[in-house]
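# Report on the structure
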Amino acid sequence: MPNVQATLTCPLCNAKQTAEIPSDACVPFYKCDKCGKVIKAKDGDCCVFCSYGSEKCPLNS
Ligand SMILES: [Zn+2]
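Each value, and the rule that gives it
Residues numbered from 1 in each chain as written. Predicted model: local features only at pLDDT ≥ 70, side-chain atom pairs only at ≥ 80, totals over all residues. pLDDT = per-residue confidence, 0-100. Helix = DSSP H or I, 4+ residues; strand = E, 2+ residues; numbered from the N terminus. Pairing = 2+ DSSP bridges.

### Topic: the confidence of the model for the protein
Mean pLDDT over the protein stands at 92; residues scoring 70 or higher make up 97%. When mean pLDDT is compared element by element in the protein, strand β4 (residues 38–40) scores highest at 97, while strand β1 (residues 4–9) scores lowest at 94.

Structure, rendered in structure tokens:
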């Protein structure tokens, strides 16, 4: 299965970065390349892709 790429938009500085969505795991946080802050998924979202990504994670679609 090919991996899916999504664009994550930092809620703090609005920087966009591309990340790969793992097909078998959740990503509860990521580190913004620009501001260096660790971005956590919103309450109720399983991962940062569901909260801030251009694509939802495959587990939640
Ligand atoms: Zn940022």
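Structure shown, so let's carry the discussion forward.
### Regarding the pairing of strand β2 (residues 16–21)
Where β1 and β2 come together, six bridges link them in antiparallel fashion. Within β2, the residue paired with L8 across the bridge is Q17. Hairpin connection, β1 to β2: the antiparallel pair is bridged by six residues, and N14 has positive phi, about 70 degrees.

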